[in-house]
Amino acid sequence: MTKTITKRSILSMLVAGVLSTQSWAVLADTITNNVYSEKGLAGTLTQEQIDDQNYKAKIEFGWNNRRILIDETLQLNDQGMPIKLSLQGRSAFGSTIDESFSYNKGIAQWKSVNESGIKADATLDFYIPANNHFALDNAIMRYVLKNNKYELDVYPQGKMLIEKMKTITLGEQTVHLLVTSGLSLTPNFAWYDDDGNYFAQSWGPMYVLRDGYTKTQFEQLEAIQKQAEQQHLENLAKKLTHDVPNLLIEHVAVFDGEQKKLLNNRDVLIQNGKIVEIAKHINQQNGVVSINGKGKTLLPGLWDMHGHLSKENGILNIANGVTSVRDMGNEHDNIMEIEALFNANQVLGSRVYRAGFMDKYSENSAGLSVKSLEEALDTVDFFADNGYVQVKLYSSIDPSWVKPISERAHSRGLRLSGHVPAFMTAEQAIANGYDEIQHINMLFLNFLAGEEVDTRTQKRFSLMGEQASGLSLDSPEMNAFVKLLSDKKIVVDPTVSTFRSLLMSEDQKVNPEFAAIAEHMPIAFTRGLKGAEMHVDEQFKLSYQKSGEAMQKMLKKLYDAGVPMVPGTDNIAGFTLIRELELYVDAGIPAADVLNMATLDSAKLMGVAHQTGSITKGKVADLVLVDGNPLNDITALQKMSLVIKGQQAFKPAEIYQAIGVKPFTTSPALK
């Protein structure tokens, strides 16, 4: 997966909180917005006005084997507020959407496959659905502007905040750039017309634009949107960054990655972004900020070895102590901009190591898609010429291309990794030059799919859920495969937490991968954690749960066999990495080894262990101060009190408060 997208995340970013400043105006009878991916038209968002109080909408689009289909009906009262709402359809991975809201005689009620609620309320508020919605957003916008009210109480709970950023004329149409916040981890920037209808939005490699308008016109809007987003992120960075050229951390337990143990009661001196001394006692000098580290553990900054970076999610990595990220597939200009901004500390974010992404063009391809082997080899050269560390292949790559691609990559000093292409086994991929395999499901598919199953489709997920638990991990064939991985030092990037989210999440329950942090998160984010990601037939539900457990057993088998592993996320930045490390420990891997995987081992794989990855004199001061001892309790990683990236320090508690998250612990004063 180049990017794990939950059942509500993409349209939440496209249309959630779509509020606008506009007149109280009547909607056009039918409004159509087109959704575009890098391949062209990906679907539509359509709204039809039945009369002054009734609307219908259809949300229908897809990307990379995901398909969202939702029918929405909405009834308003005389004041333009929703009194009846219905959302029915399916999510990106096929799970059922069936959600409703009603308000009658002072009683608000809501229900979905994942939750229900009721509230006696003499004053009607707006309901924010757990699932994607379109007509309701437009209704909210009309109400906001008619009443000049830019802060709304919402059901089930919380507040929605709206701010108008920019107004321009596009042809004969006036459109407004609006930012909404308060419900999710990041604010939502989008464009709306004078009548309050969602008009356009840029979102990563995808975008939305009103039917009848051109790509050139969209690019004009996109430039303004990105500038506004950039300013917002730069303002946050200025507010949340503490310059600490000279810092002394006293009486702290230091994790020694080389010895895989704690050095208790040490002082650590940092000057100009470098570790200059580690000793039992260091005299404090003038101009040096001192922190008491008693009861805390100092760790190297963590690595996410399967990230998909954006300017927006850098702040989540820093808050969770992730100071280095290997980006596993991005658009070139985008990742270069992100890297420059992070390096200059204009925007909060990690150090960046770039893996180039490539797929063969097909109905199911993703990201940068090539159409010939010659083009693929030229793309390898492009990555090598532009400072990438490796090449990642995706599921539509022609198996016959793998060997020549690997030979070209290796000749240019690049590693080769990725999904195992459809109609190819993992063993064949290794024989043809793979150095690393992304995602733990690819190891199981070596036996479950073989050369016969088209794993470009969602079969690469459903086969895992239905059959992985029945696959013997102690068979001669499996033992020989794992020995092959070990003998050839094939690195595995499991992203096991993300696959557990996909396979094991259930209706009516909070996703177990995030249950421990759910109560700390903004309300819309928390609600998005509820429910199944995939549609699972009743006969397979137990199998899906047991397949999640099988992944844990596979982790331990790989570790026992000496297969190198690096932890990554491919999901929500920062938070998912902490959970990934917890799962490794839960699988029976010693915490010290797990911490090394996320620090020194990852730095070694990227060829930078001489300058980072451990707490060693002379290395860059990328460090994390944690309350407690993660070697005894790995969940202590959630209680990060300070994150240091060179000469800058960040207080996770401050960051969390700025983005609507309840802090997990306090941060020290920096004076």
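Keep in mind it's a predicted model, so treat the numbers as computed, not measured.

Procedures and definitions
- Residues numbered from 1 in each chain as written.
- Predicted model: local features only at pLDDT ≥ 70, side-chain atom pairs only at ≥ 80, totals over all residues.
- Heavy atoms only, no water.
- 1 Å grid on protein atoms, 1.4 Å probe; cavity = no way out; pocket = protein on both sides within 12 Å on 5 of 7 lines; lining within 4 Å.
- Points joined across faces, edges and corners; volume = space filled by probe spheres on them.
- Helix = DSSP H or I, 4+ residues; strand = E, 2+ residues; numbered from the N terminus.
- Nonpolar A, V, L, I, M, F, W, Y, C, P; charged D, E, K, R; others polar.
- Domains from an automatic or database assignment.
- Contact = heavy atoms within 4.5 Å.
- Buried area = accessible area lost by both parts, 1.4 Å probe.
- UniProt positions renumbered as here; feature names shortened; annotations may be inferred.
- Buried < 20%, exposed > 50% of the residue type's maximum accessible area, 1.4 Å probe, protein only.
- Arc of directions from axis to C-beta.

Any chance you could explain empty space enclosed by the protein here in plain terms?
One water molecule sets the probe size; rolling that probe over the atoms shows where empty space is left. Applying the stated criterion across every chain yields a total of six cavities of 30 Å³ or more. A volume near 60 Å³ is recorded for the second largest cavity. In this structure, the second largest cavity is lined by 13 residues; those nearest its centre are Val420, Met424, Leu445, Ala449 and Gly450. Per element, the largest residue contribution to the lining of the second largest cavity is three residues, and it comes from helix 9 (residues 441–448). Partitioned by chemical class, the residues of the lining of the second largest cavity number nine nonpolar, four polar and no charged.

I keep staring at the domain arrangement of the protein and nothing clicks. Help me out?
Many structure descriptions define interface size as the accessible area lost when the parts assemble. Each assigned domain of the protein is listed with its residue range as follows: domain 1 (30–239) and domain 2 (447–565). Counting from both sides, the interface comprises 22 residues of domain 1 and, opposite them, 21 residues of domain 2. For the pair domain 1 and domain 2, the two sides together bury roughly 1800 Å², of which 49% comes from carbon and sulfur. Among the residues domain 1 hides against domain 2, the three largest losses belong to Asn65, Phe93 and Asn114. Together they make up 38% of the total.

Sorry if this is basic, but what is going on with the UniProt feature "domain: Amidohydrolase-related" (unreviewed entry) in the protein here?
With numbering aligned to this structure, UniProt lists the feature "domain: Amidohydrolase-related" (unreviewed entry) at residues 317–639. Each end of residues 317–639 is marked by a C-alpha atom, and these two atoms are 14 Å apart; helix forms 41% of the span and strand 12%.

Got a minute to help me understand unusual backbone geometry in this structure?
The general pattern is negative phi for most residues beyond glycine and trans for most peptide bonds. Residue Pro156 is bonded to the preceding Tyr155 through a cis peptide linkage, with omega at 0°. We note that Lys260 has phi near 55°; this positive angle belongs to a residue other than glycine. As for its position among the elements, Lys260 is in the loop between strand 17 (246–256) and strand 18 (261–271). What makes Lys260 partly exposed here is its relative accessible area of 41%.

Please clarify how the environment of Phe575 should be interpreted in this entry.
With respect to the helices and strands, Phe575 occurs in helix 15 (residues 575–586). With residues up to four places along the chain from it excluded, the contact list for Phe575 reads Leu185, Leu316, Asn320, Phe514, Ile517, Met521, Gln638, Tyr656 and Phe664.

Can you help me understand helix 7 (residues 402–411) in this one?
Residues lying three or four places apart along an α-helix face the same way, a consequence of the helix completing one turn every 3.6 residues. Considered for burial, the residues of helix 7 that qualify are Val402, Ile405, Ser406 and Ala409. Relative to the axis of helix 7, the buried residues are bounded by an arc of 100° and lie together on one face. Turning to helix 7, the residues buried within the fold contact strand 24 (351–360), helix 6 (373–385), strand 26 (390–393), strand 27 (415–418) and helix 8 (426–431). Where helix 7 terminates, the next one or two residues include Gly413, which has phi positive at roughly 80°.

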